[in-house]
Amino acid sequence: MAKAKTVYVCTSCGAVQSKWMGQCPACKSWNVMEEREETTAPAAVHGKPGKTRLEGQLQQLRQVQSRRDDRISTGMAEMDRVLGGGIVRDSVTIIAAKPGAGKSTLMLQMAQNIALNGCTVLYVSGEESESQLRSRAERILHTIDEHIWVYATAHMNEVLTAVGTMDPDLVILDSIQTFFLDEFTSRPGTPTQIMECTNAVMKIAKDPVRPRAVMMAGQLTKEDELAGVRSLEHMVDTVLFMEADPVEELRVLSSSKNRFGSTGEMGFFTMEEKGLEPIDNPSRFFMTERSEFAQVHGSALSVLKEGTRPMILEIESLISHSYTPYPSRISECLSRDQMGTLISILEQRGGIALYDQNVVIKSTGGLKLNQQSVNLAVIMSLVSSALKRTIANTTVFIGDVGLTGELKKVPSLDMMVRETARLGFKKIYVPKGSLRKETYAHLGDTKLMECAYLKDVIRGEFGDYRKDFVEA
């Protein structure tokens, strides 16, 4: 027979204690312990088969049937890329973003695309009314498909009833922190309600008889973390984060957890009047379109690998004379330590002194330069700015630069070179002896410049550059 036990649960972090305390020992919050009765089942009788009931069916792993058609395409290539090919039919996915980033817009557009393929979609909003959803749909959608159903409620019990009544293929909850279950007295948004509502959602998603996909919106805290206990991220199958620049219209969708695909993939969108528009070719978005003969100093191209996709980006630098004892070093795309290291390498190994110069570095589109493959391009943009000499916008630099001035190989270099050549760039600088033999067959008309030292790259691009500088 089941027994009832009184426990005390923290409404802030979800920690469970056997007695009431004024301060939660886990999160140090005051007056947050909530009394609750917990029912425990009697212990199973060991050694006597048949005394316990198995919830599932025991199977050998090699006998379990694998489904190849278990994904639903969202109709947006960038979204499918991040998810690993589409939404898995019996999965729970959560999209987290700051207010106004566009997560609700993205889910509504996704619902329209999936409904156009004949799938039934139930869009449940705990924040907006049906009329508000209709107004937003009229603004961003050309037409509203008949397979989209909406329900404005924060009552999870009603949501479960609606799912059982209409049997949708996809359930969208906006947002999970607004829903509550009658069985628990805590208010919506507390860890208890979030966890229990997520548990209820997972049961309907992973029903072996009728699996269905669930997509949830999630709110972020001031620390840019998913609101609720950390266990929420462990429970769901996929966690997506949408980053939004407060000034730019760029939106970057990335996954921090994905049981069905890579966590390194990124999708790029722009927020337009009619909703989110995918950026099919991010390389063109993150570089400036210029004439081949444009005289622009301080610009160099490199390659970043976002997930499985190499992407061309432009790095710009500006060097000016400093009239103060401590020159400025400004960059939002590089850490201060990384920037200082690259400047020191240029001074000592490249022979260009910048001790009395202000240096500003930025990347087009505001991308973070957190991969070693861009270091050579950063240095070459500084050289171009210091010499006031132009680097052709058909030249790309890929590689790391060591403290000795030697060029270092970087991961996925062969893939980056092949993609750069495919896009039609005429010249690529890479570390000497770093490519596999089969890569040379994919170069076409692209000229490959293999160099061992930083000075070789600078001389290859600018010739004898030291006549105006004293070598350190």
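Note that the structure is a prediction, hence the values are computed from the model and not measured.

Glancing now at the overall build of the protein chain. A tally of regular secondary structure across the protein chain gives 11 helices and 23 strands. When its C-alpha atoms are laid out on the principal axes, the protein chain stretches across 90 × 55 × 55 Å. Within the protein chain, residue pairs in contact and separated by at least 24 positions form 65% of the contacts whose partners lie at least 6 positions apart. Accessible surface, the protein chain as shown: approximately 24,300 Å² in total, 50% of it carbon and sulfur. Of the charged side chains in the protein chain, 55 are positive and 59 negative, and the gap between their average positions amounts to 6 Å.

A cluster of nonpolar side chains, contributed by Leu318, Ile330 and Val360, occupies part of the molecular surface with about 250 Å² of accessible area. For Val360, a relative accessible area of 31% translates into the label partly exposed.

Our focus in this paragraph is the sheet that holds strand 11 (residues 238–244). Strand order across the open sheet formed by 9 strands is 8-7-9-10-6-11-12-13-14, with mixed pairing between neighbours. Each edge of the open sheet carries a strand with a single partner, namely strand 8 (148–152) and strand 14 (275–278). Across the sheet, the mean angle separating the axes of adjacent strands is 25° when strand polarity is ignored. Taken together, the 6 bridges between strand 6 (residues 92–97) and strand 10 (residues 213–219) define a ladder with parallel strand orientation. Of the residues in strand 10, the one forming a bridge with Ala96 is Gly218. Set on the sheet, helix 5 (residues 191–205) makes contact with strand 6, strand 9 (170–174) and strand 10; between it and strand 10 the angle comes to about 160°.

This part takes up unusual backbone geometry. Cis rather than trans, the peptide bond between Asp174 and Ser175 has omega equal to -5°. Among the structural elements, Ser175 can be located in the loop between strand 9 and helix 5. Even without a glycine there, the phi angle at Asp167 is positive, about 55°. When you line up the elements, Asp167 lands in the loop between helix 4 (156–166) and strand 9. Looking at Asp167, the relative accessible area reads 34%, which means it is partly exposed. Positive phi is not limited to glycine here, since Lys388 has a value of about 55°. Within the element layout of this structure, Lys388 appears in the loop between helix 9 (375–387) and strand 19 (395–397). Under the relative-accessibility criterion, Lys388 is labelled exposed at 58%.

Attention shifts here to the pattern of salt bridges. Evaluation of the coordinates by the stated rule reveals 13 salt bridges. The partner of Arg210 in a salt bridge is Asp167, with the nearest N and O atoms 2.9 Å apart. With Arg210 in the loop between helix 5 and strand 10 and Asp167 in the loop between helix 4 and strand 9, this residue pair connects regions lying 43 residues apart in the sequence. The partly exposed category is assigned to Arg210, whose relative accessible area is 23%. Here Asp237 and Arg259 are joined by a salt bridge, their closest N and O atoms 2.7 Å apart. In this pair, Asp237 sits in the loop between helix 6 (231–235) and strand 11 while Arg259 sits in the loop between strand 12 (250–258) and strand 13 (266–272), placing the two residues 22 residues apart along the sequence.

Here we take up the side chain of Ser363. Tracing the sequence through the fold places Ser363 in strand 18 (residues 357–363). In this structure the side chain of Ser363 is engaged in a polar contact, spanning 2.6 Å, whose partner is the backbone oxygen of Leu367. Contacts of Ser363, omitting those with residues within four sequence positions, involve Leu313, Glu314, Cys333 and Leu369.

With that settled, the discussion passes to the nonpolar core. Phe268, Ile361, Leu376, Met380 and Phe397 are the most contacted members of the largest nonpolar core, which has 46 residues in total. Ranked by residue count, the leading element in this core is helix 9, at 9 residues. The next biggest cluster of nonpolar side chains, apart from the first, holds 34 residues, and it includes Ala97, Leu108, Ile114 and Tyr123.

Here we come to the packing of helix 4 against helix 5. At a closest axis distance of 11 Å, the pairing of helix 4 and helix 5 adopts a crossing angle of 5°. As the angle between them shows, helix 4 and helix 5 are arranged roughly parallel. For the pair helix 4 and helix 5, contact is made by Met156, Leu160 and Val163 and by Cys197, Ala200, Val201 and Ile204, respectively. In the contact of helix 4 with helix 5, the residues fall into 7 nonpolar, no polar and no charged.

With that out of the way, let us pick up the packing of aromatic side chains. Evaluation of the coordinates by the stated rule reveals 1 aromatic pair. Relative to Tyr429, the ring of Phe397 lies with its centre 5.1 Å away and its plane at 10°, an arrangement referred to as stacked. Taken together, the residues span a long stretch of sequence, with Phe397 in strand 19 and Tyr429 in strand 22 (residues 427–431) at a distance of 32 residues. The pair Phe397 / Tyr429 is uniform in exposure class, with both members buried.

What follows deals with the pairing of strand 15 (residues 299–306). Of all 8 residues making up strand 15, 7 are buried, and the element is well covered by its neighbours. Relative to strand 16 (residues 309–321), strand 15 runs antiparallel, the two sharing 8 bridges. Bridge assignment links Lys305 to a residue of strand 16, and that residue is Pro310. As consecutive antiparallel partners, strand 15 and strand 16 are separated by 2 residues, and within that stretch Gly307 has a phi angle of approximately 70°, a positive value.

Thresholds applied
- Residues numbered from 1 in each chain as written.
- Predicted model: local features only at pLDDT ≥ 70, side-chain atom pairs only at ≥ 80, totals over all residues.
- Heavy atoms only, no water.
- Helix = DSSP H or I, 4+ residues; strand = E, 2+ residues; numbered from the N terminus.
- Contact = heavy atoms within 4.5 Å.
- Areas by Shrake-Rupley, 256 points an atom, 1.4 Å probe, with all protein chains shown as cover.
- Lys, Arg positive; Asp, Glu negative; His and termini not counted.
- Charge placed at Lys NZ, Arg CZ, Asp CG, Glu CD.
- Patch = residues over 30% accessible without salt bridge, like charges linked within 9 Å, V, L, I, M, F, W, Y side chains within 5 Å.
- Salt bridge = Lys/Arg side-chain N within 4 Å of Asp/Glu carboxyl O.
- Buried < 20%, exposed > 50% of the residue type's maximum accessible area, 1.4 Å probe, protein only.
- Pairing = 2+ DSSP bridges.
- Axes fitted to C-alpha atoms, helices over the stretch in contact; angles between N-to-C directions.
- Polar contact = N/O pair within 3.5 Å; in protein donor to acceptor, adjacent residues only side chain to side chain.
- Core = buried A, V, L, I, M, F, W, Y, C linked by side-chain atoms within 4.5 Å.
- Parallel < 35°, antiparallel > 145°, perpendicular 65-115°, else oblique.
- Nonpolar A, V, L, I, M, F, W, Y, C, P; charged D, E, K, R; others polar.
- Phe/Tyr/Trp six-rings, centres within 6.5 Å; stacked < 30°, edge-to-face > 60°.

By themselves these figures say nothing about function.
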